[in-house]
Amino acid sequence: MTSVPTREAARTAPRGEAPSRSGPLWSGSGMALQLWVLTLRQLRIVYADHRIILAGIAQPLIMLTLFSQIFGSMATPAILPRQVDYIDFLLPALLVTTGIGMAQGAGVGLLRDIESGMVRRFRVLPLTLMLTLVARSLADLTRSVVHLVILIAGASLLFGYSCSGGVGGLVGAALLSLVVIWSLIWIFIALAVWLRKVDVLASVGFFVSFPLMFASSAFVPTEILPGWLGAVARVNPVTYAVEGSRHLALGWEPGGAVAAALVSSIALIVVLMIVSAWAFTRNPEA
């Protein structure tokens, strides 16, 4: 890329001749600044619409109310861990599962950028194209932080939730949930990069999100599930994430669930970043 002519060069250039080009070549801003600007762009697009803001506040509260009242009305002390109310059993799971819908939205948002031609514009700019995917994931992860705060506040104010694991346990559960949510976001970003169609992604997303959410220990203990469904739940990665979050929030020994959730989520993030970057940067149609 050549530099822009200075005003002095343009003024002193002979009539009919192009001004000489001088000065340092501009090769773009640093990666940190690019990531910051791209992430802010995604957040501004989302929060510029007050309807999305209201929906973002209402969605976690509706999930909390429905699941706590529907499943809570059927839950008995016999199926729950000893001295654990259903809201204490449920909330750590919702910290994880609320990210599934957010993750699917990340894939849809990326495809909207591709269809609108925004990604084509990014390709001709002096920026690292992979950062558009990272910015997409960080913007939705930031939105997930807001959802988790609303969930915790709503459970405390509306249903009397009190974290028996203390503030440290609740913060640990939230941080673990965010790592898991980030890995879920990358699943749908990778699907979006490869599928390239919003309708196809929505159809595939249904088959991904519902088994992850409901074929797990999120809403009931795996011991009371039918045999085949309990077997599926025990190998479901969301079950490990939910159990890890639940152990931290309830103040139990973390055991292997926390480590399993962290290791599997980080490994998934790294692998899907590489796969998504390879497909995204090499496809000229995007």
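These numbers were taken from a predicted model, which means no experiment stands behind them. (Residues numbered from 1 in each chain as written. Predicted model: local features only at pLDDT ≥ 70, side-chain atom pairs only at ≥ 80, totals over all residues. Heavy atoms only, no water.)

## Some words on the overall build of the protein chain
- Tallying secondary structure elements over the protein chain gives 11 helices and 0 strands in all.
- When burial is assessed residue by residue, the protein chain has 45% of its 286 residues classed as buried.
- Taking the intrachain contacts of the protein chain between residues at least 6 apart in sequence as the baseline, contacts between residues at least 24 apart amount to 78%.
- Accessible surface, the protein chain as shown: approximately 14900 Å² in total, 68% of it carbon and sulfur. (Helix = DSSP H or I, 4+ residues; strand = E, 2+ residues; numbered from the N terminus. Buried < 20%, exposed > 50% of the residue type's maximum accessible area, 1.4 Å probe, protein only. Contact = heavy atoms within 4.5 Å. Areas by Shrake-Rupley, 256 points an atom, 1.4 Å probe, with all protein chains shown as cover.)

## Here's the deal with the environment of Gly244
- With respect to the helices and strands, the residue Gly244 is situated in helix H10 (residues 237-250).
- A sequence separation of 18 residues divides Gly244 from Leu262, and the C-alpha atoms of the two residues are 9.1 Å apart.
- Non-local contacts of Gly244, meaning those with residues more than four positions away in its chain, are made with Leu176, Ala257 and Val258.

## Points about the packing of helix H3 (residues 50-74) against helix H4 (residues 86-116)
- Viewed as axis vectors pointing N to C, H3 and H4 meet at an angle of 135°, and their least axial separation amounts to 10 Å. Comparing the axis directions of H3 and H4 gives the class oblique. In this structure, H3 meets H4 at a crossing whose hand is right-handed. Listed contacts from H4 to Met63, Leu64, Phe67, Ser68, Phe71 and Gly72 of H3 are Tyr86, Ile87, Leu90, Leu91, Leu94 and Thr98.
- By residue class, the composition of the contact of H3 with H4 is 9 nonpolar, 3 polar and no charged. (Axes fitted to C-alpha atoms, helices over the stretch in contact; angles between N-to-C directions. Parallel < 35°, antiparallel > 145°, perpendicular 65-115°, else oblique. Left-handed = near helix turned anticlockwise from the far one by under 90°. Nonpolar A, V, L, I, M, F, W, Y, C, P; charged D, E, K, R; others polar.)

## Things to note about the packing of aromatic side chains
- Counted according to the given criterion, the structure contains 10 aromatic pairs.
- A ring pair is formed by Phe206 and Phe210, whose centres lie 4.8 Å apart and whose planes are at 35°; its orientation type is tilted. Taken as a pair, Phe206 and Phe210 lie in helix H8 (residues 198-214) at a separation of 4 residues, close to a single helical turn.
- Relative to Phe214, the ring of Phe210 lies with its centre 5.7 Å away and its plane at 35°, an arrangement referred to as tilted. Placement of both Phe210 and Phe214 in helix H8 is noted, with a separation of 4 residues, approximately one turn of the helix.
- Accessibility expressed as a relative area gives 42% for Phe210, which makes it partly exposed.
- Classification of Phe214 as partly exposed rests on a relative accessible area of 34%.
- Joined through ring pairs, the aromatic side chains of Phe67, Phe71, Phe206, Phe207, Phe210, Phe214 and Phe219 make up one cluster.
- Its guanidinium or amino end placed over the ring of Phe280, Arg123 lies 5.9 Å from that ring's centre, counting from NZ or CZ.
- Note that Arg246 overlies the ring of Phe89, its terminal NZ or CZ placed 3.6 Å from the centroid. (Phe/Tyr/Trp six-rings, centres within 6.5 Å; stacked < 30°, edge-to-face > 60°. Lys NZ or Arg CZ within 6 Å of the ring centre and 35° of its normal.)

## Overview of helix H11 (residues 255-282)
- When the terminal C-alpha atoms of H11 are compared, their 42 Å separation across 28 residues agrees well with the 40 Å that a helix rising 1.5 Å per residue should span.
- Along H11, the residues classified as buried are Ala257, Val258, Ala261, Ser265, Ile269, Leu272, Ser276, Ala277, Ala279 and Phe280.
- For H11, the elements touching its buried residues are H4, helix H5 (118-123), helix H6 (130-159), helix H7 (166-195) and H10. (Expected span 1.5 Å × (residues − 1).)

## Here we look at the packing of H4 against H8
- It is the contact of H4 with H8, at a shortest axis distance of 10 Å, that shows an interaxial angle of 170°. The pairing of H4 with H8 is recorded here as roughly antiparallel in orientation. Both H4 and H8 take part in a crossing whose hand is right-handed. Seen from H4, the contacting residues are Thr97, Ile100, Gln104, Gly107, Val108, Leu111, Arg112 and Glu115; seen from H8, they are Val198, Leu201, Ala202, Gly205, Phe206, Ser209, Leu212 and Met213.

So, to be careful, I would describe these as geometric facts and stop short of saying anything about function.
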